[in-house]
Amino acid sequence: MVGYDPRADGRNVSNLEVAVAGSVSGLVTRMLISPLDVIKIRFQLQIERLSRSDPNAKYHGILQAGRQILQEEGPTAFWKGHIPAQLLSIGYGAVQFLSFEVLTELVHRASVRDARDFSVHFVCGGLSACVATLAVHPVDVLRTRFAAQGEPRVYKTLRSAVVTMYRTEGPLVFYKGLNPTLIAIFPYAGFQFSFYSSLKHAYQWAMPAEGKKNENFKNLLCGSGAGVISKTLTYPMDLFKKRLQVGGFEQARASFGQVRSYKGLLDCARQVLREEGAQGCFKGLAPSLLKAALSTGFVFFWYELFCNLFHHMKKADS
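The rules behind these values
Residues numbered from 1 in each chain as written. Predicted model: local features only at pLDDT ≥ 70, side-chain atom pairs only at ≥ 80, totals over all residues. Heavy atoms only, no water. Helix = DSSP H or I, 4+ residues; strand = E, 2+ residues; numbered from the N terminus. Rg over C-alpha atoms; globule rule 2.2 N^0.38 Å. Buried < 20%, exposed > 50% of the residue type's maximum accessible area, 1.4 Å probe, protein only. Contact = heavy atoms within 4.5 Å. Lys, Arg positive; Asp, Glu negative; His and termini not counted. Charge placed at Lys NZ, Arg CZ, Asp CG, Glu CD. Salt bridge = Lys/Arg side-chain N within 4 Å of Asp/Glu carboxyl O. Expected span 1.5 Å × (residues − 1).

**Student:** Would you take a moment to explain the overall build of the chain for this structure?
**Tutor:** Scanning the chain from terminus to terminus reveals nine helices and zero strands. Moving toward the C terminus, one meets the helices and strands of the chain in the order α-α-α-α-α-α-α-α-α. In terms of overall size, the chain behaves like a compact globule, its C-alpha atoms giving a radius of gyration of 20 Å where 318 residues would be expected to give roughly 20 Å. Projected onto the principal axes, the alpha-carbon positions of the chain cover approximately 60 × 45 × 35 Å. Across the 318 residues in the chain, those meeting the buried criterion constitute 53%. The long-range fraction of contacts in the chain, counting pairs at least 24 apart against all pairs at least 6 apart in sequence, stands at 78%. Of note, the chain has its 37 positive side-chain charges centred 4 Å away from the centre of its 24 negative side-chain charges.

Given below as structure tokens:
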């Protein structure tokens, strides 16, 4: 059901319903995985090693970070920036899935390649993610700022954050980290869609007949696998993006340890490699992979579920 399939022309799901399904899947998924996202961002922004042996390291493990955030900032800290994060997920999900549907259908109509090919899903998935990123990147910057700040908070509300950032850093602040985001999102989303499709084919081949009946489990499992593979292959760019997005926000990071300023993507990569080593490019990978498995699995699971629901409702009406 993800992407245009010429064999399923009668599925009767409109572009509006595709967008709605993408939005709802993003909304539900974001609500469930927000705590892992906050921990991942804290790990990515920490200059010190994520190790118990480093006395200056504020965080060194998922459980330890979770306990410390809970003690210092309370349970609501795991949903810091949740409103911009939800706006991000809703907008991103709608634009991405709608763009993917339109692009794969265009490929089929042009008779260039089979719309179900791995390469078609990779390119169309990457392009659809770039379109969605351009549409919602300002909200992503806001989400990162909210998740990154400790107590007392620099930004109290979404409105105050927008006004303060605009006045103190100018309009381009809302597009900080855009270059590494676009560089990373194309292969990440491309791999997500193409591996999701490939894993579903592999599942169909490997599972016995009685195991093929549970479509929801298949969608969840294949989505999780696609998320883990995609995130591992593109993770350093995600870390660089987060470091760049909090540039000019150093005062809110003072209590977390060392802070750094970066002149751009290449400077950020050089500093991370020089000071933190190659492993520094993978800080926060563990919670990120857990988050990727859950979020990608849930996104495809809910998207397919709602598309099927729309399809069955229309069949029932007719």
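Resuming the write-up.
**Student:** I keep staring at the environment of His311 and nothing clicks. Help me out?
**Tutor:** On the secondary structure map, His311 appears in helix 9 (residues 285-317). For the pair His311 and Ala132, spaced 179 residues apart in sequence, the C-alpha to C-alpha distance is 25 Å.

**Student:** Just to check I follow, could you spell out the pattern of salt bridges for this structure?
**Tutor:** When their charged atoms lie close together, side chains carrying opposite charge are able to pair. Enumeration according to the criterion identifies 20 salt bridges in this entry. We note a salt bridge from Arg30 to Asp37, for which the minimum N-O separation is 2.8 Å. Note on Arg30: relative accessible area 11%, which makes it buried. One salt-bridge network, in which partners are shared between bridges, spans Arg30, Asp37, Lys40, Asp140, Arg143, Lys231, Asp238, Lys241, Lys242 and Lys291.

**Student:** Is there a simple way to think about helix 8 (residues 265-276) in this case?
**Tutor:** Three- or four-residue spacings in an α-helix give side chains the same orientation, since the helix completes a turn every 3.6 residues. Between the first and last C-alpha of helix 8 there are 16 Å, a value that for twelve residues agrees with the 16 Å anticipated at 1.5 Å per step. Those residues of helix 8 lying buried are Leu265, Asp267, Cys268, Ala269, Gln271, Val272 and Glu276. Buried residues in helix 8 make contact with helix 6 (178-206) and helix 7 (215-245).

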